[in-house]
Amino acid sequence: MPGFIAHIGTDKLQFATETRKKLVVNNFDSDGYQVERRVVNKFMNDRLFVETNDYLVVIDGVVLNNHDLIDKYSAANWQECVIKMYEKDGDAFFNAFRGSFSGLFYDKKQDKWLIYTNHIGDKQVFKYKTPDGYIFASEIGFIVDTCKCNNLPLLIDTTAAYCSLTFGFCIEDLTLVKEIRKLPAGHYFKLENGQLEEIQYHRFSNKPRQMTPQEAVEGIDKYFRQAIKRAFEKDKEYGYRHIACLSGGLDSRMTVWVAHEMGYTDQLNITYSQSGYLDFSIAQQIAIDLHHDWLFKPLDGGDCIKDIDVVSSMTYGSANFFGLAHGLSMERLINYDNFGIIHTGQLGDVVIGTYLKKMEYGQQPQITDGAYSEELRERMESYKFKYEYEDSELFMMYNRGFGGISQGLLTFQENTESYSPFTDVDFFEFCYSIPLELRFNHKIYFDWILDCYPEAAKYIWEGSKGLIKRIENRKPRTMNVLGYEVPHYSDHTAFSRYIRGFVRRRLGMQRKGEKRKTITLNSKHNMNPIDYWYNTNSYLRDFMNEYWRENEHLLLKEQLGEDMCHLFKDCVLYDKFQAMSVLGAIKQIKK
């Protein structure tokens, strides 16, 4: 992800040369620090890279409410506003920002550095301890390449590798490089008098407050429309056309639909999936009915996975490469010069809804909550959480949501900025204050759509293969069968789901506790029918096997290497992808 790299220390380091010609590169070099920005040449009035007698200010990304802040602080411009905010509000001044951003701030008089990411951490920041100080950067690759230029150590973090093999992403502050740590969402580093401190400036809470369903719907609509306005007005400020993802799901649909209703009609909607699947047909019909331009990229055959090395150079194993490769295959076809922010529906169903499978607060997080594979679960059982989580929902949001799923935005950020109105801080905080019995099972989500945007509900929802309808959440009934608590037969949805899982396990199609998405089913009726591709595309199988053979020698000669070989050679396809993700990262680190 383009952004910045900074070395703060007494010695001088040789930064690796930036090879992406499209990026704007500037630097400040002085006694005690080297700072270089490498940013996409868009939204340049939002980005800051300035130095005065008293301060050094770096901001990357988009701050959607910067004009409101300029007015609030009676500032002449954005630079003056940021400095006034620091002088008035202190170290965590950026808590008032809204958008997708990260930054660095140096107070020369106090010799104090502040390095921060935003509330959801989608603008990543990493650190590396050098003999004389620290390196901070927006990309793991910036640090890895600089370490290679200066003969600094880079070791594989075995715990992080097992994390990636189990979850499909790295949790907390882990990366596959032992010496590199990631700054979590809502945190900042403070470096003062040679001492580095990691500080939390914002924390989401799911503590409910009493409200009626109508109050919940009204609040959702109010804050969602505010979030839409913030993001789409930023496009207009720079004279860009709107570009938005659109699928068969509800999240991207509501971003596109509400923006259209608010007058942001000049949209290009983009879709990528297996041709003929619901993601294709639903998105096509919505775009036609709204008179939007529409671009579709078929993923048939799965050849996008051949971009594993390109993706690995972005993630370094922090996410399953396939989750980014299919999006990359679309994004490299688009010339972004005339387009602004890529608007998405990222995390929508778990913000208005929930990650929880039971309608209960206070469920304690387990190490495999949110994991895609349990094949190597025992390797993670001794892991101790570094951070505190009030319950499983917040553990899942901060790790799977912010730390894992948001990795999918990295390919967008190579060309422009991306944003989901569902992750707007004010919207998010309101939704998480809605009682769980309203958020659970999409109840209030459906109510919002049916009450406020009934025309948007007239299209099939890919999640259920049918139209959405109002539901009432009740405490689930159970019954005892041979000593086991199972869903009661009167709860048709839960009972049928249990029976399907039972049958799959008996037929050897699914192990107990295994996620459905790891089952091998030879069907193309899916957005990403990876098993169908693997079973019908011999070129894909040959590529995967050849990639493994060519790079297997890079594996550590210990338990980790044996386990990765087991995943790739003996397990289901998604496990193979996770093993390839870690192998691809090791290849980048060691090359």
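Residues numbered from 1 in each chain as written. Predicted model: local features only at pLDDT ≥ 70, side-chain atom pairs only at ≥ 80, totals over all residues. Heavy atoms only, no water.

Novice: Help me understand the overall build of the protein chain, please; the structure alone is not making it clear to me.
Specialist: Across its full length, the protein chain holds 20 helices and 19 strands. In terms of overall dimensions, the protein chain is globule-like: its C-alpha atoms have a radius of gyration of 24 Å, near the 25 Å expected for 591 residues. Structurally, the protein chain occupies a C-alpha span of about 70 × 60 × 45 Å along its principal axes. Out of the 591 residues in the protein chain, the part that is buried amounts to 61%. Summarising the internal contacts of the protein chain: among those between residues at least 6 apart in sequence, 69% fall at separations of at least 24. Carbon and sulfur atoms form 47% of the exposed surface of the protein chain, whose accessible area is close to 24400 Å². Between the averaged position of the 72 positive side-chain charges in the protein chain and that of its 81 negative side-chain charges there is a distance of 4 Å. (Helix = DSSP H or I, 4+ residues; strand = E, 2+ residues; numbered from the N terminus. Rg over C-alpha atoms; globule rule 2.2 N^0.38 Å. Buried < 20%, exposed > 50% of the residue type's maximum accessible area, 1.4 Å probe, protein only. Contact = heavy atoms within 4.5 Å. Areas by Shrake-Rupley, 256 points an atom, 1.4 Å probe, with all protein chains shown as cover. Lys, Arg positive; Asp, Glu negative; His and termini not counted. Charge placed at Lys NZ, Arg CZ, Asp CG, Glu CD.)

Novice: Quick question: what am I supposed to make of the packing of helix 6 (residues 250–261) against helix 7 (residues 278–290) here?
Specialist: In a pair of packed helices, the angle between the axes and the distance between the axes together describe the arrangement. Relative orientation of the contacting elements helix 6 and helix 7 amounts to 5°, with a least axis distance of 12 Å. The angle between helix 6 and helix 7 places the two elements in the roughly parallel class. On helix 7, the residues touching R253, V256, W257 and H260 of helix 6 are I282, I286 and L290. Its residues assigned to classes, the contact of helix 6 with helix 7 comprises five nonpolar, one polar and one charged. (Axes fitted to C-alpha atoms, helices over the stretch in contact; angles between N-to-C directions. Parallel < 35°, antiparallel > 145°, perpendicular 65-115°, else oblique. Nonpolar A, V, L, I, M, F, W, Y, C, P; charged D, E, K, R; others polar.)

Novice: Hey, could you run me through the environment of S205 in this one?
Specialist: Relative to the assigned elements, S205 resides in the loop between strand 12 (195–200) and helix 5 (213–238). Along the chain, S205 and A456 lie 251 residues apart, while their C-alpha atoms are 30 Å from each other. Within the structure, S205 has its side chain in polar contact with the backbone nitrogen of K207 (distance 3.1 Å). (Polar contact = N/O pair within 3.5 Å; in protein donor to acceptor, adjacent residues only side chain to side chain.)

Novice: Please clarify how helix 20 (residues 573–590) should be interpreted in this entry.
Specialist: Each turn of an α-helix holds 3.6 residues, which means side chains three or four residues apart point in the same direction. For helix 20, with 18 residues, the first-to-last C-alpha span of 26 Å sits near the 26 Å given by 1.5 Å per residue. In terms of residue burial, helix 20 counts as a mostly covered element, since 16 of its 18 residues are buried. (Expected span 1.5 Å × (residues − 1).)

Novice: Could you clarify how one ought to interpret the packing of aromatic side chains in this entry?
Specialist: By convention here, two paired aromatic rings are described through the distance between centres and the angle between planes. Per the counting criterion, the structure on display carries 55 aromatic pairs. The interplanar angle of 65° and the centroid separation of 5.3 Å between the aromatic rings of F43 and Y240 together place this pair among those described as edge-to-face. In this pair, F43 is assigned in the loop between strand 3 (33–40) and strand 4 (48–51) and Y240 in the loop between helix 5 and strand 13 (241–245), connecting sequence segments 197 residues apart. This pair shows no difference in class: F43 is buried, exactly as Y240 is. The ring of Y398 has R203 sitting right over it, with the charged end atom 4.1 Å from the ring centre. (Phe/Tyr/Trp six-rings, centres within 6.5 Å; stacked < 30°, edge-to-face > 60°. Lys NZ or Arg CZ within 6 Å of the ring centre and 35° of its normal.)

Novice: How should I be thinking about the pairing of strand 15 (residues 293–298) in this particular structure?
Specialist: In summary, the side chains of a regular strand alternate between the two faces of the sheet. Pairing of strand 14 (residues 267–273) with strand 15, which is carried by six bridges, proceeds in the parallel orientation. Looking at the pairing, I270 lines up with L295 of strand 15. Handedness of the strand 14-helix 7-strand 15 crossover: right-handed. (Pairing = 2+ DSSP bridges. Right-handed = clockwise from strand over helix to strand, strands pointing away.)

Novice: What is the right way to look at a nonpolar patch on the surface in this model?
Specialist: Taken together, the side chains of V481, L482 and Y484 present a nonpolar region at the surface, about 380 Å² in accessible area. Relative to the elements of secondary structure, V481 occurs in strand 18 (residues 478–481). According to the relative accessible area criterion, V481 is partly exposed, its value standing at 36%. (Patch = residues over 30% accessible without salt bridge, like charges linked within 9 Å, V, L, I, M, F, W, Y side chains within 5 Å. Salt bridge = Lys/Arg side-chain N within 4 Å of Asp/Glu carboxyl O.)

Novice: Explain the state of the cysteines here, please?
Specialist: Working definition: the covalent bond between the sulfur atoms of two cysteines is a disulfide. By the definition in use, this model includes zero disulfides. Not part of a disulfide, C149 finds its nearest cysteine sulfur in C147, a span of 9.3 Å. You can see C431 has no disulfide; the closest cysteine sulfur is in C452, sitting 12 Å from it. (Disulfide = S-S within 2.5 Å.)

Novice: Just to check I follow, could you spell out the sheet that holds strand 12 for this structure?
Specialist: In sheet architecture, strand pairing relies on hydrogen bonds along the backbone and comes in two forms, parallel and antiparallel. Ordered by their spatial adjacency, six strands build an open sheet running 4-5-6-7-11-12, and the pairing between neighbours is antiparallel. Sheet topology places strand 4 and strand 12 at the edges, where each strand pairs with a single neighbour. Across this sheet, the average inter-strand angle for adjacent strands is 10°, counted without regard to direction. In this structure, strand 7 (residues 112–117) lies alongside strand 11 (residues 187–192), joined through five bridges in antiparallel fashion. Bridging across to strand 11, W113 finds its partner in L191. Against the sheet, helix 2 (residues 78–89) touches strand 4, strand 5 (55–63), strand 6 (99–107) and strand 7, its axis set at about 110° to strand 5.

Novice: Could you clarify how one ought to interpret the pattern of salt bridges in this entry?
Specialist: A side chain of one charge can pair with a side chain of the opposite charge when the charged atoms of the two come close. Counted under the stated rule, the structure contains 42 salt bridges. Here E414 makes a salt bridge to R20, at a shortest N to O gap of 3.0 Å. Here E414 is found in the loop between helix 12 (410–413) and strand 17 (418–419), whereas its partner R20 is found in the loop between strand 1 (3–9) and strand 2 (23–30), with 394 residues between them in sequence. Using a relative accessible area of 11% as the deciding quantity, one classes E414 as buried. Here R470 ties to D447 by a salt bridge, and the two come within 3.3 Å at their closest N and O atoms. Taken together, the positions of R470 in the loop between helix 15 (443–452) and strand 18 and D447 in helix 15 put the pair 23 residues apart, joining distant regions of the chain.

Novice: Help me understand the confidence of the model for the protein chain, please; the structure alone is not making it clear to me.
Specialist: Interpreting fine coordinate detail is not advised for predicted regions of low pLDDT. In this model, the protein chain carries an average pLDDT of 92, and 93% of its residues clear a pLDDT of 70 or more. Below a pLDDT of 50 lies the segment residues 512–521, which in the model reaches 25 contacts outside its immediate sequence neighbourhood of four places, other chains included. (pLDDT = per-residue confidence, 0-100.)

Novice: Got a minute to help me understand the side chain of S329 in this structure?
Specialist: When you line up the elements, S329 lands in helix 9 (residues 322–331). On the accessibility criterion, S329 (8% relative accessible area) is buried. Engagement of the side chain of S329 in a polar contact is seen with the backbone oxygen of H326, the distance being 2.6 Å. In contact with S329, other than residues within four places in its own chain, are K297, L299 and C304.

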